[in-house]
Amino acid sequence: MRVVIAGGHGKIALRLARLLSDRSDAPVGLIRNPDQVADVEATGAEAVPCDLERTTPEEVAEILLGAGAVVFAAGAGPGSGAARKFTVDQGASVLLAEAAERAGVSRFIQISSMGAGSPPAPGRDEVWTAYITAKTAAEEDLRARPLDWTILRPGRLTDEPGTGLVTLADPPLPSGAVPRDDVAAVIAALIDAPETRHRVLELIGGAVPVTEAVRLVLMR
């Protein structure tokens, strides 16, 4: 399957691209900076320069033609100000979803965040408030579209080695951490589970193997 990953140079995206390549899928990483091409290609993925803050849905739809799934893994990242939370975490997701509709690619997995879907907690700083507000708005936009979407809200992300053991469930889950390796593994499994369409799922570390965790979700 051709899988297009927005934010293709991100830590989760690179892990996901390698997993998909290893199982003989055809991942495509959309990247803002052409200097990142080599890093993406090292995972076995195709790298396509595409700045989602400066392009149009029509241009992105051309890239998506023939894809079996789209994954929104982009984010403004640490160190960015509040404004870019809205242009990337919200605006780029909305643009990608619009492009997927235009290209006829129905399977869309959005990486969101635990905390989205509710008002930001009082007392948090401006950037965190903007981040959660933007993620919530992106979720709301996606949920209103006629796509086979799945929204994944991971907890606090770490670079610890993946364990392959997670807790995956409908919200709310208690706050917790999860390795990026395991987030990528869950996304790969969700791509193969279109029955999870129109579900919002939260993810933290746990004791259940990834494939079993997805199977259990399908039973609920």
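Quick note: structure is the one above.
Enquirer: In this structure, what is going on with the overall build of the protein? I would like to understand it.
Expert: Helix and strand counts for the protein come out as seven helices and twelve strands. Taken over C-alpha atoms, the radius of gyration comes to 16 Å for the protein, in line with the 17 Å a tight globule of 220 residues would show. Along the three orthogonal principal directions, the C-alpha set of the protein runs to about 40 × 40 × 35 Å. Scored against the burial criterion, the 220 residues of the protein give a buried share of 50%. Sequence-distant contacts in the protein: of pairs separated by 6 or more residues, those separated by 24 or more amount to 69%. As displayed, the protein offers around 9700 Å² of accessible surface, 53% of which is attributable to carbon and sulfur atoms. With 22 positive and 29 negative side-chain charges, the protein shows a spacing of 4 Å between the two charge centroids.

Enquirer: Would you mind going over the packing of aromatic side chains with me for this structure?
Expert: Geometry of an aromatic ring pair is reported as the spacing of the ring centres plus the angle between the planes. By the definition in use, this model includes one aromatic pair. Residues W128 and Y131 carry aromatic rings whose centres are separated by 5.4 Å and whose planes lie at 40° to one another, so their mutual orientation is tilted. With W128 and Y131 both in helix α5 (residues 126-143), this residue pair falls three residues apart, about one helical turn. Look at W128 and you get partly exposed, because its relative accessible area is 26%.

Enquirer: Help me understand the sheet that holds strand β9 (residues 165-169) in this model?
Expert: Remark on secondary structure: sheet strands pair via backbone hydrogen bonds, oriented parallel or antiparallel. Taken in spatial order, the nine strands make up an open sheet running β3-β2-β1-β4-β5-β7-β11-β9-β12, and their pairing is mixed. Where the open sheet ends on each side, the last strands, each with one partner, are β3 (46-49) and β12 (208-209). Note that strand β2 (residues 26-31) and β3 share four bridges and pair parallel. Looking across to β3, one finds that I31 is bridged to P49. This element, helix α1 (residues 11-22), spans β1 (2-6), β2, β4 (69-72) and β5 (107-111) of the sheet and lies at about 170° to β1. Of the strands in this sheet, β4, β5, β7 (148-154) and β11 (199-205) are in contact with α5, which crosses β7 at around 160°.

Enquirer: Any chance you could explain the packing of helix α3 (residues 57-64) against helix α4 (residues 82-103) here in plain terms?
Expert: When two helices pack together, their arrangement is given by the angle between their axes and by how far apart the axes lie. The N-to-C vectors of α3 and α4 enclose an angle of 60°; their axes lie 8 Å apart at closest approach. In terms of axis orientation, α3 runs oblique to α4. α4 is crossed by α3, and the crossing has right-handed handedness. Contacts between α3 and α4 pair P57, E58, V60, A61 and L64 from the former with L95, L96, E98, A99, A100, R102 and A103 from the latter. Among the residues forming the contact of α3 with α4, the class breakdown is nine nonpolar, no polar and three charged.

Enquirer: Looking at this structure, I do not really get α1. What am I missing?
Expert: Spacing of three or four residues puts side chains on the same side of an α-helix, whose turn is 3.6 residues. Between its first and last C-alpha, α1 extends 17 Å over twelve residues, near the 16 Å set by a 1.5 Å rise per residue. Listing the buried residues of α1 in full gives I12, A13, L16, A17, L20 and S21. Around the axis of α1, the buried residues are gathered within 160° of arc, so they sit on the same side. Where α1 is buried, its residues contact β1, β2, β4, β5, β8 (156-158) and α6 (180-191).

Enquirer: Where do I start with the pairing of β5 in this structure?
Expert: Looking along a regular strand, one sees side chains alternate from face to face of the sheet. Of all five residues making up β5, five are buried, and the element is well covered by its neighbours. A two-sided burial pattern is seen for β5, the buried positions comprising R107, I109 and I111 on one face and F108 and Q110 on the other. Between β4 and its parallel partner β5, the chain crosses via α4, and the hand of that crossover is right-handed. Relative to β7, β5 is paired through five bridges, and the arrangement is parallel.

Cut-offs applied
Residues numbered from 1 in each chain as written. Predicted model: local features only at pLDDT ≥ 70, side-chain atom pairs only at ≥ 80, totals over all residues. Heavy atoms only, no water. Helix = DSSP H or I, 4+ residues; strand = E, 2+ residues; numbered from the N terminus. Rg over C-alpha atoms; globule rule 2.2 N^0.38 Å. Buried < 20%, exposed > 50% of the residue type's maximum accessible area, 1.4 Å probe, protein only. Contact = heavy atoms within 4.5 Å. Areas by Shrake-Rupley, 256 points an atom, 1.4 Å probe, with all protein chains shown as cover. Lys, Arg positive; Asp, Glu negative; His and termini not counted. Charge placed at Lys NZ, Arg CZ, Asp CG, Glu CD. Phe/Tyr/Trp six-rings, centres within 6.5 Å; stacked < 30°, edge-to-face > 60°. Pairing = 2+ DSSP bridges. Axes fitted to C-alpha atoms, helices over the stretch in contact; angles between N-to-C directions. Parallel < 35°, antiparallel > 145°, perpendicular 65-115°, else oblique. Left-handed = near helix turned anticlockwise from the far one by under 90°. Nonpolar A, V, L, I, M, F, W, Y, C, P; charged D, E, K, R; others polar. Expected span 1.5 Å × (residues − 1). Arc of directions from axis to C-beta. Right-handed = clockwise from strand over helix to strand, strands pointing away.

This is a description of form; function is not addressed.
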